[in-house]
Amino acid sequence: MNILELKNIEREEGAIYYFRKYTAEAVLELPIETVTTPISFSIETGPFGERKISVKVIEAPNYPVLPLLSALKAFILDNDKEGRLP
């Protein structure tokens with residue numbers, strides 16, 4: 001399983017600067033097919049710069065959820081470090 005991209009990323013406005021909340025569509029390459037599923041995620045930055053990512057899959061595809069969540073967290077963290085998130 002691969003995460004190909006995040007599409008239609010929208011950031012929800014909030015008053016807390018260290019907590020960012022997003023909605024997006026994840027394009028997933030599964031062993032049988034390629035699917036697009038809606039997700040929501042948040043990134044909380046701690047006082048020492050560590051990031052805590054929470055991901056919620058709104059409509060889960062026909063695939064185990066735990067490997068999907070860990071792959072999404074890694075993909076989101078890479079995109080955040082490279083500055084690709086709004």
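Cut-offs and rules
Residues numbered from 1 in each chain as written. Predicted model: local features only at pLDDT ≥ 70, side-chain atom pairs only at ≥ 80, totals over all residues. Heavy atoms only, no water. Helix = DSSP H or I, 4+ residues; strand = E, 2+ residues; numbered from the N terminus. Rg over C-alpha atoms; globule rule 2.2 N^0.38 Å. Buried < 20%, exposed > 50% of the residue type's maximum accessible area, 1.4 Å probe, protein only. Salt bridge = Lys/Arg side-chain N within 4 Å of Asp/Glu carboxyl O. Core = buried A, V, L, I, M, F, W, Y, C linked by side-chain atoms within 4.5 Å. Contact = heavy atoms within 4.5 Å. Expected span 1.5 Å × (residues − 1). Arc of directions from axis to C-beta.

Counting its secondary structure elements, the chain contains 1 helix and 4 strands. Counting from the amino terminus, the chain carries its helices and strands in the arrangement β-β-β-β-α. Computed over its C-alpha atoms, the radius of gyration of the chain comes to 13 Å, within 12% of the 12 Å expected for a compact globule of 86 residues. A total of 86 residues make up the chain; the buried ones form 33% of that total.

Turning our attention to the pattern of salt bridges. Oppositely charged side chains can form a pair if their charged atoms are brought close together. Counted according to the given criterion, the structure contains 3 salt bridges. Salt-bridge contacts for Arg-84 lead to Glu-82; the nearest nitrogen and oxygen are separated by 2.3 Å. Taking relative accessible area as the criterion, Arg-84 reaches 55% and is therefore assigned exposed.

On to the nonpolar core, then. Of all hydrophobic cores here, the largest spans 19 residues; its most connected members are Leu-28, Ile-39, Phe-41, Ile-43, Val-55, Leu-72 and Ile-76. Sorting the residues of this core by element identifies β1 (2–12), β2 (19–29), β3 (34–45), β4 (51–57) and α1 (65–81) as the ones contributing at least two each. With sequence-adjacent residues up to four places away left out, Ile-76 is seen in contact with Leu-6, Phe-41, Ile-43, Ile-53, Val-55 and Leu-85.

An ideal rise of 1.5 Å per residue puts 24 Å on 17 residues; α1 measures up with 24 Å between its terminal C-alpha atoms. Those residues of α1 that sit buried are Leu-68, Leu-69, Leu-72, Ile-76, Asn-79 and Asp-80. All buried residues of α1 fall inside an arc of 95° around its axis, so they share one side. Every exposed residue of α1 that faces more than 90 degrees away from the buried side is listed here: Leu-66 and Lys-81. Among the structural elements, β1, β2, β3 and β4 are those in contact with the buried residues of α1. In the stretch just after α1, Gly-83 is the one whose phi turns positive, near 80°.

Now for unusual backbone geometry. Here the phi dihedral of Asn-8 falls at roughly 50°; this positive angle occurs in a residue that is not glycine. Inspection of the secondary structure assignment puts Asn-8 in strand β1.

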